[in-house]
Amino acid sequence: MNLSHDGILRSALDRRALTHTLKPSPGAGFEDLPRVEAACLAAARACGFETAAHAIVSMPNDLPDALLVERFDIRQDRNDRRKIAMEDMASVRGVPPSGKYEGSIEQAARALRGVSSDADADVAASLGRAVFAWLIADGDFHLKNMAVLRVVPDGARNFSSVRLAPTFDAVTARAFPSFEDKDLALSLAGKRNRLLSKDFFRAGKTMGISSQEASDCVESLCSRLSAFLEEREPASDLVGRAFDIWKRRIETTAG
């Protein structure tokens, strides 16, 4: 979609700039998917992660509301002369799209360390993102929902910055019927379910992160997500179900 400067949302198919992605409800029991994803993105931002700007928008003909997400891999305006390339972690790892659920968070972090222009910060952030994915029961935190942004400044010939991209496509899969048992998309410390704080410490060690830093990460995210839940009323019954899942995950992980 294209969101013009005068606030009108139009199709981007007619040679307009693709500034936003519209994510309508797929229906068939997933009418509230946009609201659940919006809640997950809002929680990610409250937990300190950079996220794409987003909003719930109404749809015509009595269709369920949709989620509108601003693209973060494009230039900000006509005066922005940078070149920006987004590459997902499947590509970084040399894994075909069909293998996006294969491997571990630790392997993704190793690949990230090999390309990032601030490897320590990005690897630490990737552990945080894994903790967050566990806390919100995001079963689709796979290699194509992790990415890096490569940036070439105006007039330069090479990438000056390669950094972990903002959080996107975060959804509490377990809130939906038939997905109640969905595990983590990628393993962590050899597990995809029943994770405890010690598993994040073990994974952090493999990723080159100290036990204290991993402990601080888990404690901070549990605290910040709890604060978010105390301040936010669920936008629907299904979002409320997601919130209940988050609360249980915080209790078992923090304990």
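As shown above, the structure is provided for reference.
Here is what the cut-offs are and how they apply
Residues numbered from 1 in each chain as written. Predicted model: local features only at pLDDT ≥ 70, side-chain atom pairs only at ≥ 80, totals over all residues. Heavy atoms only, no water. Pairing = 2+ DSSP bridges. Helix = DSSP H or I, 4+ residues; strand = E, 2+ residues; numbered from the N terminus. Axes fitted to C-alpha atoms, helices over the stretch in contact; angles between N-to-C directions. Phe/Tyr/Trp six-rings, centres within 6.5 Å; stacked < 30°, edge-to-face > 60°. Buried < 20%, exposed > 50% of the residue type's maximum accessible area, 1.4 Å probe, protein only. Contact = heavy atoms within 4.5 Å. 1 Å grid on protein atoms, 1.4 Å probe; cavity = no way out; pocket = protein on both sides within 12 Å on 5 of 7 lines; lining within 4 Å. Points joined across faces, edges and corners; volume = space filled by probe spheres on them. Nonpolar A, V, L, I, M, F, W, Y, C, P; charged D, E, K, R; others polar.

S.K.: Sorry, what's going on with the sheet that holds strand β8 (residues 161–164) here?
M.R.: Think of a sheet as strands paired side by side through backbone hydrogen bonds, with each pair either parallel or antiparallel. Spatial strand order, β6-β7-β8: 3 strands in an open sheet with antiparallel pairing. Two strands in the sheet have a free side with no partner beyond their single neighbour: β6 (83–88) and β8. Strand-to-strand twist across the sheet, computed as the mean angle between neighbouring axes with direction ignored, equals 20°. The sheet contact formed by β6 and strand β7 (residues 147–152) spans 6 bridges and is antiparallel. Bridged to Ile-84 within β7 is Val-151.

S.K.: Can you walk me through the packing of aromatic side chains in this structure?
M.R.: The geometry of an aromatic ring pair comes down to the distance between the two centres and the angle between the two planes. Scanning all chains against the criterion turns up 7 aromatic pairs. Pairing Phe-30 with Phe-179 gives two aromatic rings, centres 5.9 Å apart and planes at 75°, and the pair type is edge-to-face. Residue Phe-30 is located in the loop between β3 (20–23) and α1 (33–46), and its partner Phe-179 is located in the loop between β8 and α5 (197–206); the two are separated by 149 residues in the primary sequence. Given the relative accessible area of 23%, Phe-30 is considered partly exposed. Looking at Phe-179, the relative accessible area reads 32%, which means it is partly exposed. Taking 6.2 Å as the distance between ring centres and 75° as the angle between the ring planes, the aromatic pair formed by Phe-228 and Phe-243 counts as edge-to-face. With Phe-228 in helix α6 (residues 211–231) and Phe-243 in helix α7 (residues 237–254), this pair connects stretches of sequence that are 15 residues apart.

S.K.: I would appreciate a short explanation of the side chain of Ser-104 in the present structure.
M.R.: Topologically, Ser-104 is positioned in the loop between α2 (89–93) and α3 (105–115). Not counting chain neighbours up to four residues away, the residues in contact with Ser-104 comprise Leu-186 and Ser-187.

S.K.: I keep staring at empty space enclosed by the protein and nothing clicks. Help me out?
M.R.: In this approach, a probe sized like a water molecule rolls over the atoms, and the result shows the empty space that is left. On inspection of all chains with the given rule, the structure shows 3 cavities of 30 Å³ or more. If you add up the space inside the largest cavity, you get close to 60 Å³. Every residue lining the largest cavity is listed: Arg-129, Phe-132, Ala-133, Asp-138, Phe-141, Asn-145, Thr-167, Phe-168 and Ala-170. Per-class residue counts for the lining of the largest cavity are 5 nonpolar, 2 polar and 2 charged.

S.K.: Hey, could you run me through the layout of surface pockets in this one?
M.R.: Quantified by volume, the largest pocket comes out at close to 690 Å³. If you go around the largest pocket, you meet 19 residues; those closest to its centre are Ala-17, Thr-19, Arg-75, Gln-76 and Asp-77.

S.K.: Would you mind showing me how to read the pairing of β7 here?
M.R.: On any regular strand, side chains alternate: one points to one face of the sheet, the next to the other face. In terms of burial, β7 is a largely internal element, 6 of the 6 residues being buried. Two elements, β7 and β8, share 4 bridges in a ladder whose sense is antiparallel. Bridge pairing in β8 places Val-148 opposite Leu-164.

Just geometry here; none of it tells us what the structure is for.
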